[in-house]
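Coordinate inspection notes
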Amino acid sequence: MLKPLNIGMIGYGFMGRAHSNAYRQVNQFFPLKHRAVLKAICARDKNKVEEFASTWGYESTETDWKKLVERKDIDVIDICTPNHLHAEISKHAAAFGKMILCEKPLSMNAEEGLEMVSAVEKAKVPNMVWYNYRRVPAITLAKQIIDSGKLGRIFHYRSNFLQDWTINPELPQGGAALWRLDVASAGSGVTGDLLAHCIDTAMWLNGPLSTVSALIETFVKERKHNLTGKVEKVGIDDACTFMGRFANGSLASFESTRYARGHKALFTLEINGEYGSLAWDLHDLHRLSIFDYKEDSLTRGWKSVHVTDGEHPYMKNWWVPGLQIGYEHTFIHQVADFIAALESGTNAQPDFRSAYQTQLVLDAVLKSAREKNWVSIAY
Ligand code: SOE
C-alpha cells in the first residue's frame, strides 16, 4: 500500500495543468512508496476553481491560499501563481511545516529569494523549484557525458530561448493570462521567464557563472493594462542578450527574446570542449547531437542520438526503445525525483538554494544591462 502524499496546489494556469498531469501520472510509471494525491486546488474564482477540480480530479477546492496552507491534511504546497506571490506563500507554507514545490523563477529578485531559502532551511522542509528542462532525458544524458569528462576542457557554452508571441503592440499587459508582461507580477520579462531556464540548465551542466555583461530592450514601451484599463508603461524586458564567463574559464553566450518572428519556444544549447561538443534543442527534444573528436578521423562527424533507449535517463520507465516522450514528461520526472528524494531523506534538485543561485545571475544580468557594466556574481 502506497503512503499518500497530499498535494495542495495554488494557481491553475498553464503550469497548474502541467503539474496536475504529472501528479496524476507519476505513480503509473515510477515505482515509489508514496502516491501523489490531488487533495486540493486553490484559486480566487470559485466557479473556475471548481471546474478545474472536476476536470483534473482534485478532491476539494479553496479560494484563500492561506486557508489551504494551514490545512492539516495537506503535505505539499505547490505554488503555480505569478512570481510576485512566490515569496509570501513559501514563507507561510514553511512556517506551517509544509513541503514546498515552487514554479520558476524562485522569486522576483535575489533578496526575496534569500528570504525564501532561509525560511525553508530554518523550517527544514523539503523544497524544490520547477526547472523542468533538467529532466529532458537528452539533457540529463548531456549532464552524464559532461560529468564523465569526455568533452575535456570546456571552451564555450551558448544558449538561446526564442519566442515571438508579444510582437503585437495591441496585446495588453497584466491579468490572469498576461501577467508575464506586467513587471509588478513577473519581476522581469524574458530574463526571469526564459533565460532563467537557460541559466539553470547551464549551471547544472557547466558550473557557476562568475561574471556577465548584458543588453536588454523593451520594444513596445506602453501597453493597455488589463487590471486598470489604462495604457501604462511596460516595465519588463522584451529581449535580453548577455555574454559572460563561467568559473571553469569557459565563455558564455546567451540570448532570449519574445520578438524572434517564427520561433515559438526555441530553447537551444551547445557546449564545446577540447575533445567534443554537444548540442540540443527543444523542438527536437528527444535528440542529443554529439561530436566526438576521438572517433576515427575519416568517419567522424556530428551524430544525432535518439534518446529513447532503456539505458537512457528515465526511458526505462516509459515505452519500448525508439518510442519518444515529450514536454509534459519532464514534469512527471521532476515529481518522481522529488518523491524518490523524500524517501531517501535528501532534497531533490534544484532546491530553493540552487534556484537562488540562478536568481543571483538574473539580478546580475539586469544590473549589468541597466548600468552598462560587467557585473561579478558572488554566491
Ligand atoms: C513563456 O511563454 C513560457 O511558458 C515560460 O513561462 C515557461 O517557463 C517555458 O517553459 C515556456 O515558455
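What you are looking at is a predicted structure, and each value in this text was computed from that prediction instead of being measured.

A separate point is the sheet that holds strand β11 (residues 239–246). In any sheet, the strands associate via hydrogen bonds between backbone groups, in a parallel or an antiparallel arrangement. Read across the sheet, 9 strands follow the order β16-β15-β14-β13-β7-β12-β11-β8-β17 without closing on themselves; strand pairing throughout is mixed. Single-partner strands in this sheet number two, and they are β16 (303–306) and β17 (375–376). Relative to strand β14 (residues 276–281), strand β13 (residues 266–273) is paired through 5 bridges, and the arrangement is antiparallel. Pairing of Ile271 across the sheet is with Leu278, part of β14. In the packing of helix α6 (residues 137–147) onto the sheet, contacts are made with β13, β14 and β15 (287–292), and the angle to β14 comes to roughly 165 degrees.

It is at 9 Å that the axes of α6 and helix α9 (residues 190–206) come closest, and there the two elements cross at 30 degrees. In terms of their interaxial angle, α6 and α9 are classed as roughly parallel. Taken together, the residues of α9 that come into contact with α6 (itself represented by Ile139, Ala142, Lys143 and Ile146) are Thr201, Trp204 and Leu205. Partitioning the contact of α6 with α9 into residue classes produces 5 nonpolar, 1 polar and 1 charged.

Here we come to the environment of Ala53. Examined against the element boundaries, Ala53 turns out to sit in helix α2 (residues 46–56). Classification of Ala53 by C-beta neighbours within 10 Å gives buried; the count is 22. Residues Ala53 and Gly8 lie 45 residues apart in sequence; the distance between their C-alpha atoms is 11 Å. Not counting residues within four places of it along the chain, the set of residues in contact with Ala53 comprises Ile41, Tyr58 and Thr61.

Here the focus is the sheet that holds strand β5 (residues 99–102). Spatial strand order, β3-β2-β1-β4-β5-β6: 6 strands in an open sheet with parallel pairing. Strands at the two margins of the open sheet, each flanked by one partner only, are β3 (60–62) and β6 (127–129). Across the sheet, the mean angle from the axis of one strand to that of its neighbour is 25 degrees, orientation sign disregarded. Relative to the sheet, helix α1 (residues 14–29) contacts β1 (3–10), β2 (34–42) and β4 (76–79), its axis offset from that of β2 by approximately 150 degrees.

Glancing now at the domain arrangement of the protein. Taken domain by domain, the protein consists of domain 1 (3–132) and domain 2 (134–376). Taking only C-alpha atoms, the centre of domain 1 and the centre of domain 2 are 23 Å apart. Between domain 1 and domain 2, the residue contacts involve 38 residues of the former and 39 residues of the latter. Sorting the residues of the side of domain 1 that touches domain 2 by element identifies α1, β2, α5 (110–123) and β6 as the ones contributing at least two each. In terms of residues, the side of domain 1 that touches domain 2 owes the most to one element, α1, which gives 8 residues. Considered class by class, the residues forming the side of domain 1 that touches domain 2 number 24 nonpolar, 12 polar and 2 charged.

The subject of this paragraph is helix α10 (residues 327–343). Relative to the 24 Å expected for 17 residues at 1.5 Å per residue, α10 spans 26 Å between its end C-alpha atoms, a close match to the ideal helical length. Those residues of α10 that sit buried are His329, Thr330, Phe331, Ile332, His333, Gln334, Val335, Ala336, Phe338, Ile339 and Leu342. Looking at the packing, one finds that the buried side of α10 touches β1, α1, β2, β5 and β6.

We now examine the nonpolar core. Generally speaking, soluble globular proteins have nonpolar side chains that are buried together. In this structure, Ile41, Ile100, Leu195, Val335 and Val365 are the most contacted members of the largest nonpolar core, which totals 103 residues. Looking at this core, the element that brings in the most residues is α9, giving 10 residues. Two domains share this core, each providing at least three of its residues, namely domain 1 (3–132) and domain 2 (134–376). Every residue in contact with Val365, bar those within four places of it in the chain, is listed here: Thr191, Leu195, Val212, Ala214, Cys240 and Phe242. Membership of the second largest hydrophobic core comes to 6 residues, among which are Trp179, Leu181, Ala186 and Ile236.

The next subject is the pairing of β15. The pairing of β14 with β15 spans 4 bridges and is classified as antiparallel. The residue of β15 that forms the bridge with Ala279 is Ser289. Two successive antiparallel strands, β14 and β15, enclose a turn made up of 5 residues. Of the pairings in the sheet, the one linking β15 to β16 comprises 4 bridges and is antiparallel in character. If you follow Ser289 over to β16, its bridge partner there is Ser304.

All right, on to the environment of Thr211 then. Relative to the helices and strands, Thr211 resides in strand β8 (residues 209–217). Aside from chain neighbours lying at most four places away, what touches Thr211 is Gly244, Arg245, Trp374, Val375, Ser376 and Ile377.

For the α-helix, the turn length of 3.6 residues means that residues three or four positions removed from each other point alike. Compared with an ideal rise of 1.5 Å per residue, which puts 20 residues at 28 Å, helix α11 (residues 352–371) spans 28 Å between its outermost C-alpha atoms and is within 8% of the ideal. Burial analysis of α11 places 15 of its 20 residues in the buried class, which makes it a mostly covered element.

Let us now look at the packing of helix α4 (residues 86–95) against α5. Two elements in contact, α4 and α5, have axes separated by 9 Å at closest approach and are oriented at 10 degrees. Taken as axis vectors, α4 and α5 run roughly parallel relative to one another. As α4 runs across α5, the sense of the crossing is left-handed. Where α4 abuts α5, its residues Ala87, Ser90, Lys91, Ala94 and Ala95 lie against Glu112, Glu115, Met116, Ala119, Val120 and Ala123.

Definitions and limits used
- Within any chain, residue numbers begin from 1 and follow the written order of that chain's sequence.
- Local features in this predicted model are restricted to residues of pLDDT 70 or higher, and side-chain atom pairs are both shown and tallied only at a pLDDT of 80 or more, whereas totals for entire chains, interfaces and linings draw on every residue.
- In this analysis, strands are considered paired if DSSP registers two or more bridges between them.
- Secondary structure elements are taken from DSSP: a helix is a run of H or I of four residues or more, a strand is a run of E of two residues or more, and numbering for both begins at the N terminus.
- The contact criterion used is a C-beta to C-beta distance within 7 Å, with each C-beta placed from the backbone.
- Under this scheme, a helix contributes an axis fitted over its contacting stretch, all axes are lines through C-alpha atoms, and angles between N-to-C directions fall in the 0 to 180 degree range.
- Here is the rule for angles: anything less than 35 degrees is roughly parallel, anything more than 145 is roughly antiparallel, 65 through 115 is roughly perpendicular, and the remaining ranges are oblique.
- Gly falls in the polar group here, along with every residue not listed as nonpolar (Ala, Val, Leu, Ile, Met, Phe, Trp, Tyr, Cys, Pro) or charged (Asp, Glu, Lys, Arg).
- Put simply, a residue is buried when 20 or more other C-beta atoms lie within 10 Å of its own C-beta and exposed when 12 or fewer do; between those, it is partly exposed, and each C-beta is set from the backbone.
- Residue ranges for the domains originate in an automatic or database domain assignment.
- By definition here, a helix of n residues has an expected span of 1.5 Å times n minus one.
- For this entry, the nonpolar core is defined as buried Ala, Val, Leu, Ile, Met, Phe, Trp, Tyr and Cys residues connected by C-beta atoms within 7 Å.
- If you view the pair so one helix is near and one far, a crossing is left-handed when the near helix is turned anticlockwise from the far one by less than a right angle, and right-handed when it is turned clockwise.

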